Amino acid sequence: MAAARVRSGGRPTLEEVAARAGVGRGTASRVINGSPRVSDATRQAVEAAVAELGYVPNRAARALAGNRTDAIALVVPEPETRFFAEPYFSAIVRGVGAALADTEMQLLLTLVGNDRERRRLAQYLTAHRVDGVLLVAVHADDPLPELLEQLGMPCVISGARHAGEPLPSVDSDNYEGARAAVEHLVSRGRRQVATITGRLEVYGAQRRLDGYRAAVSAAGLAPDERLIAPADFTEEGGAKAMRDLLARRPDLDGVFVASDVMAAGARQVLREAGRRVPEDVALVGFDDSVVARHMHPPLTSVRQPIEEMGRRMARLLLDEIAGRSPDEERPSLVLPTELVVRDSS
């Protein structure tokens, strides 16, 4: 122990802690920064080495030496109007905040609703003013993930952009959630089941459409593209899609809507058209947000664990910042969904 202190000028270093514990520097850093991605045995070995050497992390020195800011950005590529109208985003923020509560990390919320805001964010990130980025509801063609890769900045996204997503990601099981929703409608005797999709440049919306199609096929129902109406995850978009569906297929008797907010718009159009829910048209949403519980009748909806998704995203990002080993596989987490049945179906 004394020799170690002499080598480091009287102050034990992280490298010496790692050597004493018999682990790599990155692993020792993850333990000291509170990462959950280490075994109990490794954690105990590092903590014992810390105690033996009297190692004390120097936060200021660490920040200077590693160009650390002790801040992360939560980036939502949407305008303010959608951010505040969609309960999904507030739930993600709550989950991220809960995961960071016991850390020294500051959370910066950034909304990117247009090209000017995107350019300004790119300049900010290029200056490395944060240690990492959480990207929420990113579109398939968004250039931000590639920019972050070029900068070497740790990043975790909510929902893969495509099947081969290279970045760490956390999502809910959109496919199984949608499939269960349509199976439920079929089990209630509905035979002309329509769907209102989200923006299909979002991979999660594509997967919900895939789940709808799989359930329709499994039920032996004839596929009909007239029963599929694209929308944009907004209440107004849900209302417009519902009007289009009623014009094309007035005999529809069930609708799976890819978000609760869109379902609220669809419900209003059904009321205006004199269609009773669920007697004439059964309705199922997605998210199980506060919107679902306060609709009349209360909305059957697919619950996705949004706050838990936010927590998992933050934890993964902390791991990335702490120094994930280059040979570790980047994690892609898919959390289960649950159908919550209420009076709308």
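It should be noted that the structure appears before, not after, this text.
Residues numbered from 1 in each chain as written. Predicted model: local features only at pLDDT ≥ 70, side-chain atom pairs only at ≥ 80, totals over all residues. Heavy atoms only, no water.

> Can you lay out unusual backbone geometry for me, pointing to particular residues and giving the numbers?
Between valine 277 and the following residue, proline 278, the backbone shows a cis peptide bond with an omega angle of 10 degrees. Relative to the helices and strands, proline 278 resides in the loop between helix 13 (260–272) and strand 9 (282–287). The omega angle of the peptide bond from histidine 296 to proline 297 is -5 degrees, so this bond is cis rather than trans. Relative to the elements of secondary structure, proline 297 occurs in the loop between helix 14 (290–294) and strand 10 (300–303). (Helix = DSSP H or I, 4+ residues; strand = E, 2+ residues; numbered from the N terminus.)

> Could you give an account of the sheet that holds strand 4 (residues 155–158), naming the residues involved and the relevant values?
Taken together, six strands build an open sheet; the order of strands is 2-1-3-4-5-11 and the sheet is parallel. With partners counted over all chains shown, the strands left at the sheet margins are strand 2 (106–111) and strand 11 (332–335), one partner each. For this sheet, the mean angle separating the axes of adjacent strands, direction not counted, is 15 degrees. Here strand 1 (residues 71–76) pairs with strand 3 (residues 132–136) via four bridges, running parallel. Following the sheet pairing, leucine 74 is matched in strand 3 by leucine 134. Where helix 9 (residues 144–151) meets the sheet, its contacts fall on strand 1, strand 3 and strand 4, and the angle it forms with strand 3 comes to roughly 165 degrees. Of the strands in this sheet, strand 1, strand 3, strand 4, strand 5 (169–172) and strand 11 touch helix 15 (residues 306–323), which is tilted by about 150 degrees from strand 3. (Pairing = 2+ DSSP bridges. Axes fitted to C-alpha atoms, helices over the stretch in contact; angles between N-to-C directions. Contact = heavy atoms within 4.5 Å.)

> Let's hear about the side chain of aspartate 131: which residues, and what values?
You can see aspartate 131 is positioned in the loop between helix 8 (115–126) and strand 3. Here the side chain of aspartate 131 touches threonine 69 through a polar contact of 2.8 Å, landing on its backbone nitrogen. (Polar contact = N/O pair within 3.5 Å; in protein donor to acceptor, adjacent residues only side chain to side chain.)

> Can you tell me about helix 2 (residues 14–21), naming the residues and giving the values?
Of the positions making up helix 2, those classed as buried are Leu14, Glu16, Val17, Ala18 and Ala21. One or two residues past the end of helix 2 sits glycine 22, with phi positive at roughly 75 degrees. (Buried < 20%, exposed > 50% of the residue type's maximum accessible area, 1.4 Å probe, protein only.)

> Break down the sheet that holds strand 8 (residues 254–257) for me, citing the residues and quoting the values.
On the basis of which strands lie adjacent, the open sheet formed by six strands has the order 7-6-8-9-10-12 and mixed pairing. Of all strands in the sheet, those with a lone pairing partner are strand 7 (228–230) and strand 12 (338–340), marking the two edges. Geometrically, the sheet is characterised by an average inter-axis angle of 20 degrees between neighbouring strands, direction not taken into account. As judged from the four bridges shared by strand 9 and strand 10, these two strands associate in the parallel manner. For glycine 285, the partnering residue across the bridge sits in strand 10 and is serine 301. The strands touched by helix 10 (residues 174–187) within the sheet are strand 6 (193–197), strand 8, strand 9, strand 10 and strand 12, with strand 9 carrying the most contacts at an inclination of about 165 degrees.

> Give a detailed account of the pattern of salt bridges, specifying residues and quantitative values.
Any two side chains of opposite charge can pair, on the condition that their charged atoms come close. The final tally for this structure, using the stated rule, is 25 salt bridges. Note that glutamate 201 is salt-bridged to arginine 199, the shortest N-O span being 3.3 Å. With its nearest N and O atoms 2.9 Å apart, the salt bridge here joins glutamate 308 to arginine 311. On the criterion of helical spacing, the pair formed by glutamate 308 and arginine 311 is a turn pair, its members being three residues apart in helix 15. Its relative accessible area of 21% is what places arginine 311 among the partly exposed residues. What emerges from the salt-bridge pattern is a single network uniting Arg94, Glu307, Glu308, Arg311, Arg312 and Arg315. (Salt bridge = Lys/Arg side-chain N within 4 Å of Asp/Glu carboxyl O.)

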